[in-house]
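So the chains spell out like this:
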Amino acid sequence: MRILIVGSGGREHALAWKIKQSPLVDEVYSAPGNPGMDKIGPCFDVDPMDLHKMQELVLQLAPDLTVIGPEAPLAVGLSDALRARGFDVFAPSQAASQLETSKGFAKYLMAKYDIPTAAYQRFTDVAEALDYVGTQSAPYVIKADGLAAGKGVVICDNLEDAENEIEEMMTGKFGDASNAIIIEEFMTGEEASIFVLTDGDGALYLPAAQDHKRVGDGDVGPNTGGMGAYAPAPVVTPRQLELIQTLIVEPLLSGMAEDGMPYQGALYVGVMIAETGPRVVEFNARFGDPECQVLMAGLPGDIVPALLVCATGGLVQSHNSVSQMMGLLDFRPTATVVMASAGYPGSYEKGAVIKGVDAAGDIDGVSVFQAGCGVNGSGELIAEGGRVLGVTATGESLRQAVDRAYQGVDCIDWSTGFFRKDIGWRAL
Ligand code: AMP
Ligand code: GLY
């Protein structure tokens, strides 16, 4: 079997790495991939946003399954275009991925299906938004409606900042993505990420994960794409998971199927866990990054049967067998420490040489997933992006996993890289 992975981040490297281990799989292709993915199988330099070129590539490679990692190609209809050509795809349709690409749409569905989340209003008129925010109390949660590369949520402690943010967003701060905004109730509690693999009908729940969004130790500083993650996250108790299933995921999946846009692929439910129960912070139409690195490394079995059945249907019938094949009950505690370029999430320099990736990967239980990496003229690995490496480790306990991940980080020789030193602190 041949499987094509679309994307070039740490998430996609982890997917390629895991999928390549399946006895069902002969070849893993990537588009466009990265230097780490290139060691797993052929990479094709095709832009996932170019539907025409992607269709040509898929016709040429004829993969048995295409797994789309990031959200941006979903928003332009890549999954639909490939399905229309008769190919199986693990990823939601353009319509279903609006759960992530339009916060207003996600809020509308949650209201319609009675799913617990923060109270909100959506605005397309600045004056109305300003009037409304004046009637609310701090902290104020202001969100761009559309995709804003993970930067579209701003939480303001005072009214003046909130008013300024509303004006900036609605006058083009995120281009068209913030023409419409959401003003939302501030929720308290502890956040967790729940990942569900689904064919639109059945659902497989992966162990709950937690990521570390802020750039600095102790969860301070600006938000990033994620500086590290771990699983399982003890904050999601069996009771909370049951509530997440019955109050959130089941009504969402059945409602979307009834509304003619069944959700297939990986569903990411960002939840706020409070004593009163879980509430949705956001949905994403994909695996999280770096949560995916943690989940792929921690699953001892074969994930491919689950991906295939989600893409083609029949998960309810084969739920137990695919769950057993991926080793869901034997999930090992896992942690990922992200190494990023100095300056991230602001501007950073590119081109510094990175050494020691192989040495880190030689440590028992450690795998290093590449993200913003390139190769220079001398064939050396270099940093080209903000988040660059995801040093990932499994262990008998989370403590051991975290210790091993930091041993891996110690092997990396990269003058301008930095990382958080407290990954997993909430659970440890
Ligand atoms: P999102 O992109 O929607 O996940 O938002 C980014 C981050 O902002 C979340 O991970 C939360 O930490 C925070 N956030 C978003 N919405 C709320 C809310 N209604 N109440 C409290 N925190 C929120
Ligand atoms: N780690 C958060 C995300 O992937 O959106």
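Residue indices begin from 1 for each chain and proceed along its sequence in written order. Here the convention is simple: chains get letters from A, ligands get numbers from 1, in the order in which they are written. It should be noted that, the model being predicted, local features are given only for residues of pLDDT at least 70 and side-chain atom pairs only at 80 or more, the latter also being counted only at that level, while totals for whole chains, interfaces and linings use all residues. With hydrogens and water stripped out, all remaining heavy atoms of the structure feed into the side-chain values.

Trainee: Could you give an account of the site of ligand 2, naming the residues involved and the relevant values?
Mentor: The environment of ligand 2 is formed by Asp211, Gly225, Tyr268, Asn284, Arg286, Gly288, Asp289, Pro290 and Glu291. Between ligand 2 and Asp211, the relevant distance is 2.7 Å, taken from a nitrogen atom to a side-chain nitrogen or oxygen of the residue. Pairs of N or O atoms within 3.5 Å make up the polar contacts considered here, provided that, within protein, one atom can donate a hydrogen while the other can accept it, and that residues adjacent in sequence are counted only when both atoms are side-chain atoms. Note that an oxygen atom of ligand 2 is positioned 2.9 Å from one of the side-chain N or O atoms of Arg286. All accessible-area figures derive from a Shrake-Rupley calculation using a 1.4 Å probe, and residue coverage is judged against the displayed protein chains alone. When the free accessible area of ligand 2 is taken as 200 Å², the share hidden by the protein chains comes to 88%. Under the convention adopted here, Pro, Cys and the residues Ala, Val, Leu, Ile, Met, Phe, Trp and Tyr are nonpolar, Asp, Glu, Lys and Arg are charged, and Gly plus all remaining residues are polar. Partitioning the shell around ligand 2 into residue classes produces two nonpolar, three polar and four charged. What makes a residue near a molecule or strand is one non-hydrogen atom of that residue sitting within 4 Å of it.

Trainee: An account of helix α15 (residues 398–411) is needed here, citing residue identities and associated values.
Mentor: With 14 residues, α15 should cover 20 Å at 1.5 Å per step; its first-to-last C-alpha distance of 20 Å lies within 8% of that length. Residues Leu398, Ala401, Val402, Arg404, Ala405, Tyr406, Gly408 and Val409 constitute the buried set of α15. Contact partners of the buried residues in α15: β14 (228–231), β17 (334–341), α14 (357–361), β18 (366–370) and β21 (387–394). Helix and strand definitions follow DSSP, with helices as H or I runs of at least four residues and strands as E runs of at least two, each counted in order from the N terminus. Here the expected length of a helix is defined as 1.5 Å per residue gap, with one fewer gap than residues. Think of it in three bands: with a 1.4 Å probe and only protein chains considered, a residue is buried below 20% of the maximum accessible area for its type, exposed above 50%, and partly exposed in between. We call two residues contacting when some pair of their heavy atoms lies within 4.5 Å.

Trainee: Could you give an account of the state of the cysteines, naming the residues involved and the relevant values?
Mentor: Where two cysteines share a covalent bond between their sulfur atoms, that bond is called a disulfide. Here, a disulfide means two cysteine sulfur atoms that sit within 2.5 Å of each other. Inspection of the entire model under this criterion finds zero disulfides. You can see Cys292 has no disulfide; the closest cysteine sulfur is in Cys310, sitting 14 Å from it. Sulfur of Cys411: no disulfide; nearest cysteine sulfur belongs to Cys373 and is 16 Å away. The partly exposed category is assigned to Cys411, whose relative accessible area is 29%.

Trainee: Talk me through the site of ligand 1; I want residue IDs and the actual numbers.
Mentor: Within the structure, ligand 1 sits among 15 residues, and Glu184, Glu185, Met187, Glu191 and Glu282 are positioned closest to it. One of the side-chain N or O atoms of Glu191 is found 2.4 Å from an oxygen atom in ligand 1. A distance of 2.7 Å is found between an oxygen atom of ligand 1 and a side-chain nitrogen or oxygen belonging to Glu282. Within the complex, 90% of the 470 Å² of free accessible area of ligand 1 lies under protein. Broken down by secondary-structure element, the contributors of at least two residues to the shell around ligand 1 are β6 (140–144), β7 (153–156) and β16 (277–284). A per-class count over the shell around ligand 1 returns eight nonpolar, no polar and seven charged.

Trainee: I'd like to hear about the packing of aromatic side chains, residue by residue, with values.
Mentor: Pairing of aromatic rings covers Phe, Tyr and Trp, the last counted by its six-membered ring, and requires centre-to-centre distances within 6.5 Å; plane angles under 30 degrees mean stacked, over 60 mean edge-to-face, and any other angle means tilted. Scanning the entire structure with this criterion turns up seven aromatic pairs. For the ring pair Phe195 and Phe287, a centre distance of 6.2 Å and an interplane angle of 35° mean the geometry is tilted. A residue pair is termed long-range when its members are at least 10 positions apart, and Phe195 in strand β9 (residues 190–198) and Phe287 in the loop between β16 and α11 (291–298) qualify at 92 residues. For the residue pair Phe195 and Phe287, the accessibility class agrees, reading buried in each case. Sitting over the ring of Phe419, Lys421 keeps its end group 4.9 Å from the ring centre. Only when the NZ atom of a Lys or the CZ atom of an Arg is both within 6 Å of the ring centre and within 35 degrees of the ring normal do we say a charge sits over the ring.

Trainee: If you had to explain the pattern of salt bridges to someone new, which residues and values would you point to?
Mentor: Put simply, a salt bridge is a Lys or Arg side-chain nitrogen that is within 4 Å of an Asp or Glu carboxyl oxygen. A full pass over the atoms with the stated rule returns 20 salt bridges. Between Arg286 and Glu71 there is a salt bridge whose closest N-O contact spans 3.0 Å. Here the residue Arg286 occupies a position in the loop between β16 and α11, and Glu71 occupies one in the loop between β3 (65–68) and α4 (72–75), the gap between them amounting to 215 residues. Taken individually, Arg286 and Glu71 each receive the classification buried, so the pair is uniform in this respect. Residues Glu185 and Arg279 are paired through a salt bridge, measuring 3.1 Å at the closest nitrogen-oxygen approach.

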